[in-house]
Amino acid sequence: MGHPAVLPVQEHKMPTLETTFAGIKCLNPFWLASAPPTNCGEQIMRAFDAGWGGAVWKTIGEQVTNVSSRYSSIDWNGQKMMGFNNIELISDRPPEVNLREMAEVKRRYPKHVVIASLMVESKREVWHEMVQRAEDAGVDGLELNFGCPHGMSERGMGSAVGQVPEYCQQITGWVKEKALTPVIVKLTPNISDIRMAARAAKRGGADALSAINTINSITGIDLDTLEPRPNVDGKSSHGGYCGPAVKPIALNMVQQVMSDPLAALPMSGIGGIGSWQDAAEFMLLGAGTVQVCTAAMHFGYRIVEDMGDGLLAWMRRKGYETIEDFRGLSLPNMREWKNLNLNFRVVAEIHADRCIGCQLCYTACWDGAHQCIHLDRVDGGMEQPVLGTDPRYAQHEANPHGKPTPAMVFAQSVKTIATTPIPKLDLDGEGSNSAVTPLHRIPRVDVDECVGCNLCSLVCPVPECITMERVETGLPAETWAERVANAESVKA
Amino acid sequence: MSEATNFFSKAGVSAEVAARFADLHPPLEKTAAVTEALRCLYCFDAPCMGACPTHIDVPKFIKKIASGNLEGSARTILDANILGASCSRACPVQVLCEGACVMHRYNKQPIEIGRLQRFAMDALHASGDPLPFTPGADTGKRVALIGGGPASLACAAELRRRGVRAEIFDARPLPGGLNTYGIAEYKLPLAESLREIDMLAELGVEFHFEMVVGVEKLAELEASYDAVFLGMGLGAIHKLGVAGEELEGVTNALDFIAGYKSGTLKNVPSRVAVIGAGNTAIDAANAAVRLGAKEVHMVYRRGSQEMSAFAFEYEHARKEGVRFLWHVTPVKVVGEKKVEALELARLESTEDGSLVPKADQHVLLEVDLVVLAIGQGTHAEFVSAAAGADAGKIRLERGRIVIDRETGQTSNPKFFAGGDCTNGGREVVDAVADGKRAGIGIAVWLGGAILHPTHRDEAAMNGAPGGLAGSGAQDANT
């Protein structure tokens, strides 16, 4: 009589979201950015209960008076708040109230990260005093708001500092003279090269960076009253733009900084982050934590649950145990244009079995790209031999085969006589068998003309209907930089 | 001669009928319309446009709803289909635009094109604005149009936009033909048809009512007008050809539907039988239910697979509570002075597809009202006799006027035709498309008329005050 076999507990290494950012231990990398969701202690404690790992307190400084109204947004195709804009200033609560609540939050949530965002007038002793008061409240770190682009900048603070590298370096230096906790400098995107401000912060001794702050913006104008939004007694002022629309801009700026050895520091990514995918993308470009505002303002603190859940699931699938395992892994894949392989080529392939016949790829290619998608599957298009030419080098003529233009196609359709199909008699009406895409509506790619721009695959509403397929050019990889160098060496 | 306009006010709308025949497809509320409009993919050379007999540029008008340009949306619709409001309600969109929607192939609901079109047209009507077109400069030409249904109305609109006078002659007291009198009230109320025609009257279309055009009158019109458009539709509904058909309580679907729509028929007895299984039969049967009948049967000689009604109409009738008697045919209408019952014979299909009654299997269906809906006959034969000797006769085939599909011209060049009298009976939108082509065809034939009427916005995009680019190129194409 043997013992039943007992399976040993598998020692799976489950991924963790715990991380350390510039020396600050974090339960997870999800912080609320300094903004209305972090106005007061009551909010921040509820946010921690919902799962946020940290919060950057709404910027404190000399108490301000805000205007009414303050926010405006851009909706896109029925989706609300694609882009969001605000003209709210820093905290309009007395600093002592904020500091008292910070201490209370830290006492009740000792493992959660509380960062004090600071903005005071550009005087050394004023900064020293504010640093002292914040650290006395027990915060885990300081974020210097050198980014706010509206209102405060008119008073010589916020982006007025961030836009001038010398100021940025000097104030960072003052803060570092005093600070005992890590100092994060928040960068403004309203500058021609964000690396200049980042390098200045690094020279000033900053421990970390956060980017980006909001972008100067006017979201729109009321076409009845001609008054821009947000409306303050009939007038408006440029605000700070954020939300999903700014993510690509933020990713680029984060990458620029993180790829620059003179600027790179621990980075807290900010800008349009609302999902775990967004967070992962910022981290792949080097961010160690991410900060969220607009998405939380739109949907509430609860969004953090899927940000964590989804990111952990992705980490499991990819085999990453910690954020450090994948942080920055996409940085080497970003390079200057001149270092891209000119001899790499893709062409569009339309998978007819998936095509629904909307012909958006056709009109996009004709009007917005290179006139190489045609509606000729029933007119011999499929029998056209593929020569293997690369149009980037071989041809420079639009529509070399004289295919019908969109206007010609449309004019033909308008002339066609259509009638309502009578049941049991007519089986050929356009509306009578809509389950199958008629062959004449499935576009064809002229492979010899396609430059591989991606546009058709981007406009196609059906997933995986148009794919970009690699074509062997038979040429060794060559970048523009190499080509120029080779040409020069030949000359020499 | 021409009547004063405002036909809409002449619609005797009965509150009870309105309540019983509430919209089958209720109007879209604004937010819902914009949401639905945003779902449209904006296909190029869209299949919905191709499927529409009048080729309304559907993605274009839908985009304008999404952008809040309702004025432009209505104009886009009307430019292609002057009866865009009626068609938005009456069209069998399932087999037309919505049937062709690419969403079917994407595992999604098709765009609700019909309801969006109605939304744009309702917005125009609510604005109180006239049609966004102006009559063309007077060419001095005059066209007589026989019949005031959709084909003639569409033809007349094209003529007016090209500066041709258009005078409609109709046998009824109100214009619109079957559009006014023949479409189920829950799809297109009589008043809505008239509202649309009021706008045509503002464009200068003239009307002569209660005017039956026969051989002599047609000859007179031919002599005094520059061209004649024949849009008189089909004739009476076929008779059953069985004993007892003349009894009180036997009517036909067209009179029945026109009766309740115009308010002369207010209620029905409790047991109704509708003979036939086409779309008109369904409309009659559903109306009988809504007018208070307790038991409505549809009687058809073949099975559900063979019925000529659209599948969605059949489903609708089932939901209304209509019962179906398949594979039977009436052999006798039974009754003393009034209808009391229908004697039905069971039918069997033979190998060659013909139907043979089973002599021993007769059933008696007790009914109080019999509504015949077994197809309309033609009534165009007189036109061939009327056409002037020098111009040649108008050719008919199986009672239908033969036309050149692109121009609507008959074998007698002065006569054009369209709608049911040429196609044997199709939808409103088919008649509109016919009328539109014929209107353009007549203008071309008369010569001198402008071929491409521009409206103010088209002119503006070309640099003219108030108007659109592209119309210049369009003109070059014609």
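Residues numbered from 1 in each chain as written. Chains lettered and ligands numbered in written order. Predicted model: local features only at pLDDT ≥ 70, side-chain atom pairs only at ≥ 80, totals over all residues.

Here we look at the overall build of chain A
Part 1 of the argument: When helices and strands are counted, chain A shows 14 helices and 18 strands.
Part 2 of the argument: Counting only C-alpha atoms and orienting by the principal axes, one finds that chain A spans roughly 85 × 80 × 80 Å.
Part 3 of the argument: Looking at chain A as a whole, 44% of its 492 residues qualify as buried.
Part 4 of the argument: Looking at chain A alone, contacts between residues at least 24 apart form 76% of all its contacts between residues at least 6 apart. (Helix = DSSP H or I, 4+ residues; strand = E, 2+ residues; numbered from the N terminus. Buried ≥ 20, exposed ≤ 12 C-beta atoms within 10 Å, placed from the backbone. Contact = placed C-beta atoms within 7 Å.)

Focus: the overall build of chain B
Part 1 of the argument: Scanning chain B from N- to C-terminus turns up 20 helices and 15 strands.
Part 2 of the argument: Its C-alpha atoms give chain B a radius of gyration of 23 Å, within 12% of the compact-globule value 23 Å for 478 residues.
Part 3 of the argument: Projected onto its principal axes, the C-alpha coordinates of chain B cover approximately 80 × 60 × 45 Å.
Part 4 of the argument: Classification of the 478 residues of chain B by burial places 52% in the buried group.
Part 5 of the argument: Considering only residue pairs separated by 6 or more positions, chain B has 69% of its internal contacts joining residues 24 or more positions apart. (Rg over C-alpha atoms; globule rule 2.2 N^0.38 Å.)

Some details on the nonpolar core
Part 1 of the argument: In this structure, B:Phe229, B:Val274, B:Ala284 and B:Val370 are the most contacted members of the largest nonpolar core, which totals 171 residues.
Part 2 of the argument: Here B:Phe229 is in contact with B:Val143, B:Leu145, B:Ile146, B:Ser152, B:Cys155, B:Phe416, B:Ala417, B:Ala438 and B:Ile442, once residues within four sequence places are set aside.
Part 3 of the argument: Residues A:Val113, A:Met119, A:Cys242 and A:Tyr320 belong to the second largest nonpolar core, which totals 100 residues. (Core = buried A, V, L, I, M, F, W, Y, C linked by C-beta atoms within 7 Å.)

Observations regarding the confidence of the model for chain B
Detailed reading of predicted coordinates is not advised where the pLDDT is low.
Residues and elements named next belong to chain B.
Part 1 of the argument: Per-residue confidence for chain B gives a mean pLDDT of 91; residues scoring 70 or more make up 91%.
Part 2 of the argument: Within the model, the stretch residues 467-478 combines pLDDT values under 50 with 25 contacts to residues more than four positions away or in other chains.
Part 3 of the argument: Reported for the predicted complex are a pTM of 0.90 and an ipTM of 0.88. (pLDDT = per-residue confidence, 0-100.)

Some details on the sheet that holds strand β11 (residues 215-217) of chain A
Residues and elements named next belong to chain A.
Part 1 of the argument: The 4 strands are arranged β5-β6-β12-β11 in an open sheet whose pairing can be described as antiparallel. Each edge of the open sheet carries a strand with a single partner, namely β5 (71-76) and β11. The sheet shows a mean angle of 45° between the axes of neighbouring strands, taken without regard to direction.
Part 2 of the argument: Across 3 bridges, strand β6 (residues 79-86) lies against strand β12 (residues 239-242) in antiparallel orientation. Residue pairing across strands places Phe84 opposite Cys242, the latter belonging to β12. (Pairing = 2+ DSSP bridges. Axes fitted to C-alpha atoms, helices over the stretch in contact; angles between N-to-C directions.)

Things to note about the sheet that holds strand β1 (residues 142-146) of chain B
All names here are of chain B.
Part 1 of the argument: Taking strand neighbours across the sheet as the criterion, the 5 strands line up as β3-β2-β1-β4-β15 in an open arrangement whose pairing is parallel. Bordering the open sheet on either side are β3 (206-208) and β15 (415-417), each of which pairs with just one other strand. Pairwise comparison of adjacent strand axes, ignoring direction, gives a mean angle of 25° for this sheet.
Part 2 of the argument: Examined bridge by bridge, β1 and strand β4 (residues 227-230) share 4 bridges and lie parallel to one another. What sits directly across from Ile146, in β4, is Leu230.

Some details on unusual backbone geometry
All names here are of chain A.
Part 1 of the argument: Omega for the bond connecting Ser68 with Ser69 falls within 30 degrees of zero, at 5°, which places this linkage in the cis form.
Part 2 of the argument: You can see Ser69 is positioned in the loop between β4 (54-60) and β5.
Part 3 of the argument: Cis geometry marks the peptide bond from Arg229 to Pro230; its omega dihedral reads -5°.
Part 4 of the argument: Locating Pro230 in the fold gives a position in the loop between β11 and β12.
Part 5 of the argument: In this structure, Leu226 is a non-glycine residue whose phi angle is positive, near 65°.
Part 6 of the argument: By secondary structure assignment, the location of Leu226 is in the loop between β11 and β12.

Looking at the pairing of strand β14 (residues 287-292) of chain A
Both faces of the sheet carry side chains from a regular strand, because those side chains alternate between them.
All names here are of chain A.
Part 1 of the argument: With 6 of 6 residues buried, β14 lies mostly within the body of the structure.
Part 2 of the argument: Across 3 bridges, strand β3 (residues 30-32) lies against β14 in parallel orientation. Each bridged residue has a counterpart across the sheet, and for Phe30 the counterpart in β14 is Val290.
Part 3 of the argument: In terms of strand pairing, strand β13 (residues 267-270) meets β14 through 4 bridges, oriented parallel. Its bridge partner being in β14, Gly269 is matched across the sheet by Val290.
Part 4 of the argument: Handedness of the crossover joining β13 and β14 through helix α8 (residues 276-284) is recorded here as right-handed. (Right-handed = clockwise from strand over helix to strand, strands pointing away.)

Points about the interface of chain A and chain B
Reports of interface size often rely on the accessible area that becomes lost once the parts have come together.
Part 1 of the argument: If you look at the interface, chain A gives 34 residues, while chain B gives 35 residues.
Part 2 of the argument: Among the secondary structure elements, those contributing two or more residues to the side of chain A that touches chain B are α11 (360-368) and α12 (406-415) of chain A.
Part 3 of the argument: At 6 residues, α12(A) tops the list of elements feeding residues into the side of chain A that touches chain B.
Part 4 of the argument: Broken down by class, the residue content of the side of chain A that touches chain B amounts to 17 nonpolar, 14 polar and 3 charged. (Nonpolar A, V, L, I, M, F, W, Y, C, P; charged D, E, K, R; others polar.)

Overview of the packing of helix α14 (residues 279-290) of chain B against helix α15 (residues 311-320) of chain B
Residues and elements named next belong to chain B.
Part 1 of the argument: Axis separation between α14 and α15 bottoms out at 10 Å; the angle between their running directions is 15°. Relative to α15, the element α14 is oriented roughly parallel. Considering the relative orientation of α14 and α15, their crossing is left-handed. Contact residues: Asn279, Ile282, Ala285, Asn286 and Val289 in α14; Glu313, Tyr314, His316, Ala317 and Glu320 in α15.
Part 2 of the argument: Class assignment of the residues belonging to the contact of α14 with α15 gives a composition of 5 nonpolar, 3 polar and 2 charged. (Parallel < 35°, antiparallel > 145°, perpendicular 65-115°, else oblique. Left-handed = near helix turned anticlockwise from the far one by under 90°.)

Let's talk about the environment of B:Leu221
All names here are of chain B.
Part 1 of the argument: Checked against the element boundaries, Leu221 lands in helix α12 (residues 215-224).
Part 2 of the argument: Separated by 75 residues in sequence, Leu221 and Ile146 have C-alpha atoms that sit 9.7 Å apart.
Part 3 of the argument: Each residue touching Leu221, except ones within four places of it in the same chain, is listed here: Ala144 and Val228.

So, helix α3 (residues 124-136) of chain A
Residues separated by three or four positions in an α-helix point in the same direction, a consequence of the helix having 3.6 residues per turn.
Residues and elements named next belong to chain A.
Part 1 of the argument: Spanning 13 residues, α3 covers 18 Å between terminal C-alpha atoms, matching the ideal 18 Å at 1.5 Å per step.
Part 2 of the argument: Residues Trp127, Met130, Val131 and Ala134 constitute the buried set of α3. Buried residues of α3 fall within an arc of 100° about the axis and therefore sit on the same side. In α3, the exposed positions that point more than 90 degrees away from the buried face belong to Glu125 and Asp136.
Part 3 of the argument: Summarising the contacts, the buried residues of α3 are in contact with α2 (95-108), β7 (113-118), β8 (141-145) and α5 (165-178). (Expected span 1.5 Å × (residues − 1). Arc of directions from axis to C-beta.)

Focus on helix α7 (residues 247-258) of chain A
All names here are of chain A.
Part 1 of the argument: Here α7 spans 16 Å end to end across 12 residues, near enough to the 16 Å set by a 1.5 Å rise per residue.
Part 2 of the argument: The set of residues buried in α7 consists of Lys247, Ala250, Leu251, Met253, Val254, Gln255, Val257 and Met258.
Part 3 of the argument: Buried residues along α7 sit in contact with α6 (194-203), β10 (208-211), β13, α8 and β14.

Focus: the environment of A:Thr322
Part 1 of the argument: Tracing the backbone through its elements, the reader meets A:Thr322 in the loop between α10 (304-318) and β15 (345-350).
Part 2 of the argument: In this structure the C-alpha to C-alpha distance between A:Thr322 and A:Leu387, which are 65 residues apart in sequence, comes to 49 Å.

As for the packing of helix α4 (residues 58-67) of chain B against helix α8 (residues 113-127) of chain B
Between two packed helices, both the angle of their axes relative to each other and the distance between the axes serve to describe the pair.
All names here are of chain B.
Part 1 of the argument: Contact geometry for α4 and α8: axes closest at 10 Å, N-to-C directions at 60°. Classified by the angle their axes make, α4 and α8 are oblique. In the crossing of α4 with α8, the sense of the turn from one axis to the other is left-handed. Residues Val58, Phe61, Ile62 and Ile65 of α4 pack against Ile113, Leu116, Gln117, Phe119 and Ala120 of α8.
Part 2 of the argument: Grouping the constituent residues of the contact of α4 with α8 by class yields 8 nonpolar, 1 polar and no charged.

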